[in-house]
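# Observations on chain architecture
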Number of protein chains: 2
Amino acid sequence: MQNGFIMKGNICYTPGPDNLVIRENAFTVCEDGICRGVFDTIPDRYGGLKVIDCSGMLVIPGLVDLHTHAPQFAFRGSGMDFELLEWLDRVTFPEEMRYADEAYARSAYEIVVARLKQSAVTRVVLFGTIHTSSTLILADLMENSGLISYVGKVNMDRNAPQGLREESASYSAAETRRFVEECISRRYRHTKPIITPRFVISCTDELMRELGRIREEYNLPVQSHLSENPGEVLQVKELETEAAFYGDVYDRAGLFGRGANAVMAHCIYSEPEEVERILENGVWVAHCPESNMNLASGIAPIRRYLEKGIRVGLGTDVAAGTSESMFHAVTDAIKVSKLYWRYVDSDAKPLTFPESFYLATKGGGAFFGKAGSFEDGFDFDAVVLDDRILSFAHPLSVRDRLESAFYQELDQTGIVMKFAAGKQVI
Amino acid sequence: MQNGFIMKGNICYTPGPDNLVIRENAFTVCEDGICRGVFDTIPDRYGGLKVIDCSGMLVIPGLVDLHTHAPQFAFRGSGMDFELLEWLDRVTFPEEMRYADEAYARSAYEIVVARLKQSAVTRVVLFGTIHTSSTLILADLMENSGLISYVGKVNMDRNAPQGLREESASYSAAETRRFVEECISRRYRHTKPIITPRFVISCTDELMRELGRIREEYNLPVQSHLSENPGEVLQVKELETEAAFYGDVYDRAGLFGRGANAVMAHCIYSEPEEVERILENGVWVAHCPESNMNLASGIAPIRRYLEKGIRVGLGTDVAAGTSESMFHAVTDAIKVSKLYWRYVDSDAKPLTFPESFYLATKGGGAFFGKAGSFEDGFDFDAVVLDDRILSFAHPLSVRDRLESAFYQELDQTGIVMKFAAGKQVI
C-alpha cells in the first residue's frame, strides 16, 4: 500500500509561463509528498489510493510568497501615505522594536502564522526582526503550521534607530550564527534559516562580509532588498562609493547568487549592469507590485526580466503590501504591468493572467526546488477553491472561473483544503 | 415620539477632502431618514430615541458607486487580458446580448442586487443594457433592495454588433421614453431613471439630440463614458469631426451638465478644453481606477481635477473593474495616484487616504444631493464594520483601523449593519 492519495477536480497549473493547463474532472496523485502528475483516469498502479473528491472545484498549486515581513503584519493596511524611507522611520521601525519582547513576539507571530495558514500560500520567505529569540519563536510557529518556509533573523548595524541597531557587526554576526545553529538543532522539517541583511543602508561592509562567511559555511540562501526606491538607491550610492552598483555590494560579500539561492525584493531601479549581474548570478527577483504602488516606489520591468530569462517570483511584502493575499499579488502584477506598458515602455507588453499565475506558483516555487506545479516529481502543494460563492449568472469556463477567483480574491473566503508537500494544512 | 434612532460607535467621516473626522464612542442621530450630526453625549431633545450600540466598531457613511454596469457582473473578473474596444467586442457585448431574455435578466440581476445589498454601497449609478424591459426588472429589484440608485437603459444605435444595436435613433429614443415613463408610473422611492448613451461611438448625433430632448423634458440626470482609452478617443475624433472635443458631443446635445446632473466615467485623456468644460458645466467625473488598470487605459489626473474644483467621485465599473467593492476603489485610487505622480506628473501629489475616502462618500454622494457624510442635514447612510477579524497584535488607533479596513477590503467580510436614508438594508 502506497502512502498517498488522489485528488479529483478541475486541476489548473502552469508548466510554463505561456502554458496554462486546465484539466477538468481530472485526477492528480500524491505519493510520499510528491506529485505524480495529472491523469484523465486513475492509473492502475495507484488504484489503492483513496480519492479526495473535489469535483467541480478549482485545484491549483499552492502559492509561493517570495517576500514578506512577519513583524509588520501588526500594522498592515495602515500608514500608507508615506514613501519608503519615511515609512520605515515612522511606521515600521517603531513596530519592529516591540519584538525585543518575546511575549509580544509570540502573540503577534501567532496571528501572522494563523493568517498564512488560512491563506493560499504553501511556501513563504519571511523576514523576522533583528531579535534572534523572537525570530526563533516565529520559526517554531512556522514549523508547527505545516507550511514550508525560509525564516530570516534580520541584520542591521547602521542607519537604524536606537533599539533596532545591533551594537556591532560582530555581535550581529554572532547572533546570526546562534539563529542558524538553533534552527539546525531544532531539526525543523519544513523551516530553514536564510541570511537576511535588511538592505545595504542598514548593514556595514564588515557585517556583509561576516554574513557572506556564515552563508558559505552553512550553505544558506539569502534574502534582501534591492533598488526599490529612488531615495534609497541614492543613499546606497553615497554610502558605497566603491560598489559598481547597488547589488554589487551584496555580490562582493558573496550574498548575490552564484550558485547559492538569493532572492532580492523589488529591483525597480536596477541599472543595466545590475540586471546583467542578476541574470548571470541566477538571483531571483521577488516582484511585489502592491508594495511598490503603496510606497510610490514605481513598477519593476518584469516583462524585460522574463525576456532575459531572469528568475522571477511574486511577493506580498506585508506591510508595504497590505495583506498576505497572493491572489492580490497575482492580479496586481498584471495591473501594474499594464501601466508600465502605457506609461514607461510601450514595447514591454503587459503580463497575462497565465504568466502572473506562473510567477506566483512555479516561478517562485523554483526557489524551494520543484514546487508550484502538478508535474510529475514536484512537491505536492495544492489549494482547493470552492467558487460557488461568486454566483455567476451562467456557467463560466473553468479558465474564466480561475481568473475571476484571483481577481475577486477568493483566497479570502473560498479555500476549502490546502496541502503542502503532501500534508494537509487546511 | 420622533421617528428615528441613535447609533453609538467610532464614527468616521470626511466633511472635506482634507478633513477626516474620527469621533470615538460618539453618537449620531437619524431623524426621519436625515442625519442630525455627531455628538459626544446624546442631546436631551433626542432622549426618546432608541440607541443602536455599535461600541468599538467603525461607523462610516455608506459608500457611493458613481459608475458600474449591472449586466457585466455575470463575467466579472474574467477576460482581463484585453484593451477597451477589443474587450467590448469579445467579452462584454456577447454577454449584454443575453439580456434580451427577460428570464435571464431577472436571474442575473438578482445576483447583482444581492451583491450590492451585501456590499458597503448605499448609492449607485447603474448601467443596464439596451433592453427596456430587462432594465425595468433591474430597477424593480433595486427599488426592493432598499439601496438608492439611478438606473439607465443604455442607448446604442451604431457601431455595435447585430443584436445589441437598436434599429434607429427614433426607436432608441422611444424605448427610452417608455423606460422613463414606466419608472415614473411605478412610483419608485429610491430608484430613478438616468439618460444613458453608452458612449459617443455607439450613438448617432440624431440619437444624442433625441436623448437631450428627453433629458430636458423629464429633467433627468445623465451618465456616460468619456475619454477613457486612446483607441476610443481616436475613433471619436474620426466619427465626430465637428465636435471641439469628445465631451463636446455630449454638450451639444444637452447631455453635459449645465445645471443638470451629469456623470462621466474615466476622463483619463480629457484635453484642456474638455477639462475646462467639465468644470464650467459642473459635470461629475467618475474615477474608476481598477477598471483603468485592467483595460490598460491609464490613470486619470484626479489631483489636477481636485485642484481645479471639478466634482469627482469613485466608481467600481464592473466588469472592467472586477467587483463591487468600493473599499477596493478607494485604495486603488490612492495607488494609481502614486504611480501617476511617479511616472506622469511629479507635481501631482498622490491622493491621501482621507481624500480618497472623501471621494467615495461625500464626493460622489453629492451627485445624489446631501449624502456621504454624518453632518447635520445629510441623508442618513451608514455602514457598521466589525474589524476584529483583522486580528492586530496590539490596538491600533481608530484612524489606522479605518485605513486598514479599507486596504484589507473588510467590506467583503466585516459589514454588520447598513442603513440607506435611515432604512436598514443589512
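Keep in mind the model is a prediction, meaning the values are calculated, not measured. Throughout this document, residue positions are counted from 1 along each chain, in the order its sequence is written. Labels follow written order: the first chain is A, the first ligand is 1, and so on. Per-residue local features of the predicted model are confined to residues with pLDDT of at least 70, and side-chain atom pairs are confined, for both listing and counting, to 80 or more; whole-chain, interface and lining totals are unaffected and use all residues. Excluded from the side-chain calculation are hydrogens and water; included are all heavy atoms of the structure.

## Some points on the packing of helix H2 (residues 102-118) of chain A against helix H3 (residues 132-145) of chain A
All names here are of chain A. Across the interface, H2 lies against H3 with an axial gap of 9 Å and an inter-helix angle of 30 degrees. By the criterion of interaxial angle, the relationship of H2 to H3 is roughly parallel. Relative to H3, H2 is oriented so that their crossing is right-handed. On H3, the residues that touch Glu102, Ala105, Arg106, Tyr109, Glu110, Val113, Leu116 and Lys117 of H2 are Ser133, Ser134, Ile137, Leu138, Leu141, Met142 and Ser145. Three residue categories are used. Nonpolar comprises Ala, Val, Leu, Ile, Met, Phe, Trp, Tyr, Cys and Pro, charged comprises Asp, Glu, Lys and Arg, and polar comprises the others, including Gly. The residue makeup of the contact of H2 with H3, split by class, is eight nonpolar, three polar and four charged. Angular values range over 0 to 180 degrees, each being the angle between N-to-C directions of two axes fitted as lines to C-alpha atoms, with helices fitted over their stretch in contact. Helix and strand definitions here come from DSSP, where helices need a minimum of 4 consecutive H or I residues and strands a minimum of 2 consecutive E residues; each element is numbered from the N-terminal end. We call two directions roughly parallel when the angle between them is under 35 degrees, roughly antiparallel when it is over 145, roughly perpendicular when it lies between 65 and 115, and oblique otherwise. The sense of a crossing depends on the near helix, which, turned anticlockwise from the far helix by less than a right angle, makes the crossing left-handed and, turned clockwise, makes it right-handed. Any pair of residues with heavy atoms lying within 4.5 Å of one another is described as a contacting pair.

## Description of the nonpolar core
Here is a general trend for soluble globular proteins: nonpolar side chains tend to be buried in one another's company. One finds Trp87 of chain A together with Trp87 of chain B to be the most contacted residues of the largest nonpolar core, which totals 254 residues. Among residues more than four places away in sequence, those in contact with Trp87 of chain B are Gln72, Phe75, Gly79, Met80, Phe82, Thr92, Leu295, Ala319 and Ala320 of chain B. We define the nonpolar core as a collection of buried residues of types Ala, Val, Leu, Ile, Met, Phe, Trp, Tyr and Cys that are connected through side-chain atoms lying within 4.5 Å of one another. Here's how the labels work: a residue is buried when its accessible area is under 20% of the maximum for its type, exposed when over 50%, partly exposed in between, all with a 1.4 Å probe on protein chains only.

## What to know about the layout of surface pockets
As a volume, the largest pocket reaches approximately 910 Å³. As for the largest pocket, its lining consists of 42 residues, and the residues nearest its centre are Gln412 and Thr413 of chain A together with Glu409, Gln412 and Thr413 of chain B. Of all elements in the fold, only H2 of chain A together with helix H2 (102-118) of chain B reach the threshold of two or more residues within the lining of the largest pocket. Considering each element in turn, the lining of the largest pocket owes the most residues, four residues, to H2 of chain B. Tallied by class, residues from the lining of the largest pocket come to 14 nonpolar, 20 polar and eight charged. The space that makes up the second largest pocket amounts to roughly 250 Å³. Counting residues per element, the ones that place at least two in the lining of the second largest pocket are helix H10 (302-308), strand S14 (311-314) and helix H12 (353-365) of chain B. At five residues, H12 of chain B tops the list of elements feeding residues into the lining of the second largest pocket. Grid points spaced at 1 Å and placed over the protein atoms alone form the basis of the search, with a cavity being a set where a 1.4 Å probe fits but cannot get out and a pocket an open set showing protein on both sides within 12 Å along at least five of seven lines. Lining residues have an atom within 4 Å of a point. Grid points are joined across faces, edges and corners, and a volume is the space filled by probe spheres set on the points.

## Brief notes about helix H13 (residues 398-407) of chain B
Count 3.6 residues to each turn of an α-helix, and residues three or four apart come out pointing the same way. Residues and elements named next belong to chain B. By the criterion of burial, H13 is predominantly enclosed, with eight of the ten residues buried. Of all the positions in H13, only Val398, Arg401, Leu402, Glu403, Ser404, Ala405, Phe406 and Tyr407 are classed as buried. Looking one or two residues beyond H13, the residue adopting positive phi is Glu409, at roughly 50 degrees.

## Here's the deal with the domain arrangement of chain A
Residues and elements named next belong to chain A. The domain architecture assigned to chain A consists of domain 1 (4-61 + 373-424) and domain 2 (63-368). One C-alpha centre belongs to domain 1, the other to domain 2; they are set 29 Å apart. At the junction of the two partners, domain 1 supplies 33 residues and domain 2 supplies 29 residues. Of the roughly 2,500 Å² buried between domain 1 and domain 2, counting both surfaces, carbon and sulfur atoms make up 64%. It is Phe406, Tyr407 and Lys418 that lose the most area in domain 1 upon contact with domain 2, and together they represent 27% of the buried surface on that side. Per the annotation, domain bounds derive from an automatic or database assignment of domains. Computed with a 1.4 Å rolling probe, the buried area is the accessible surface lost when two parts are put together, summed over both parts.

## Describing the relation of the copies chain A and chain B
A residue counts toward the fit only if its pLDDT is at least 70 in both copies, and the copies are then superposed by least squares on the C-alpha atoms of those residues. Aligned on chain B, chain A shows an RMSD of 0.0 Å; the corresponding rotation is 180 degrees and the shift along the axis is 0.0 Å. What the superposition gives is, in effect, a two-fold axis relating one chain to the other. The C-alpha atom lying nearest the rotation axis in chain A is that of Tyr343 of chain A; the distance is 3.4 Å. A shared binding surface is used by both copies, with 100% of the interface residues of chain A retained as interface residues in chain B.

## Remarks on the packing of aromatic side chains
Side-chain rings of Phe, Tyr and Trp, where Trp is taken by its six-membered ring, are said to pair if the distance between their centres is within 6.5 Å; with planes under 30 degrees apart they count as stacked, over 60 as edge-to-face, and otherwise as tilted. Summed over all chains, the structure comprises 38 aromatic pairs over all chains. Measuring from ring centre to ring centre gives 5.9 Å for Phe353 of chain A and Phe357 of chain A, while their planes differ by 50 degrees; the resulting arrangement is tilted. In this pair, Phe353 of chain A and Phe357 of chain A are both assigned in helix H12 (residues 353-365), four residues apart and thus about one turn of the helix distant. In terms of burial, Phe353 of chain A and Phe357 of chain A fall into one category: buried. With a centroid separation of 4.8 Å and 35 degrees between ring planes, the pair formed by Phe5 of chain B and Phe419 of chain B is classed as tilted. With Phe5 of chain B in strand S1 (residues 4-16) and Phe419 of chain B in strand S16 (residues 415-420), the pair connects residues that are 414 residues apart, well separated along the chain. No difference in accessibility class separates Phe5 of chain B from Phe419 of chain B, as the two residues are buried. Put simply, the rings of Phe5, Tyr13, Phe374, Phe380 and Phe419 of chain A pair up and form one aromatic cluster.

## A look at the pattern of salt bridges
Every case where a carboxyl oxygen of Asp or Glu lies within 4 Å of a side-chain nitrogen of Lys or Arg is listed as a salt bridge. All told, the structure shown has 64 salt bridges over all chains when counted by the stated rule. Salt-bridge contacts for Arg177 of chain A lead to Glu217 of chain A; the nearest nitrogen and oxygen are separated by 2.8 Å. Placement of the pair is Arg177 of chain A in helix H4 (residues 169-185) and Glu217 of chain A in helix H5 (residues 205-218), with a sequence separation of 40 residues. In this structure Arg177 of chain A comes out as partly exposed when scored by relative accessible area, which is 27%. Between Arg213 of chain B and Glu210 of chain B there is a salt bridge, with its nearest N and O atoms 3.4 Å apart. Pair noted here: Arg213 of chain B and Glu210 of chain B are both in helix H5 (residues 205-218), with a separation of three residues, about one helical turn.

## Focus on the sheet that holds strand S12 (residues 262-266) of chain A
All names here are of chain A. Any two strands are treated as partners once DSSP identifies two or more bridges connecting them. The four strands lie next to each other as S11-S12-S13-S14, forming an open sheet whose pairing is parallel. Pairing within the sheet leaves two strands with one partner each, and these edge strands are strand S11 (222-226) and strand S14 (311-314). Pairwise comparison of adjacent strand axes, ignoring direction, gives a mean angle of 30 degrees for this sheet. One ladder, built from four bridges, connects strand S13 (residues 284-287) with S14; its direction is parallel. In the sheet register, Val285 faces S14, and the bridge partner there is Val312. Sitting on the sheet, helix H11 (residues 326-343) touches S13 and S14, and the angle it makes with S14 is about 125 degrees.

## Overview of the sheet that holds strand S13 (residues 284-287) of chain B
Residues and elements named next belong to chain B. Pairing is parallel in the open sheet, where four strands are placed in the order S11-S12-S13-S14. With one partner strand each, in any of the chains shown, strand S11 (222-226) and S14 form the two edges of the open sheet. Here the average twist between neighbouring strands, direction ignored, is 30 degrees. With respect to the sheet, helix H11 (residues 326-343) is in contact with S13 and S14, its orientation differing from that of S14 by roughly 125 degrees.

## Observations concerning the environment of Leu211 of chain A
Residues and elements named next belong to chain A. One can find Leu211 in helix H5. In this structure the C-alpha to C-alpha distance between Leu211 and Gly247, which are 36 residues apart in sequence, comes to 15 Å. Filtering out sequence-adjacent residues up to four positions away, Leu211 remains in contact with Asn155, Thr176, Ile195, Pro197 and Leu255.

## Observations concerning the interface of chain A and chain B
Between chain A and chain B, the contact holds 58 residues from the first and 58 residues from the second. Interface area, chain A with chain B, both sides summed: about 4,400 Å², of which 52% is carbon and sulfur. Linking chain A with chain B are four salt bridges, by the criterion used here. Taking the shortest distance from any N to any O, the salt bridge between Glu83 of chain A and Arg342 of chain B comes out at 2.8 Å. Pairs of N or O atoms are called polar contacts if they sit within 3.5 Å, as long as, within protein, a hydrogen donor faces a hydrogen acceptor (for residues adjacent in sequence, only side-chain-to-side-chain pairs). Across the contact surface, chain A and chain B share 35 residue pairs in polar contact (both at pLDDT 80 or more). For the side of chain A that touches chain B, the secondary-structure elements that each account for two or more residues are H2, helix H9 (289-294), H11, H12 and helix H13 (398-407) of chain A. The greatest single-element share of the side of chain A that touches chain B, amounting to nine residues, is contributed by H11 of chain A. Taken together, the residues of the side of chain A that touches chain B sort by class into 28 nonpolar, 16 polar and 14 charged.

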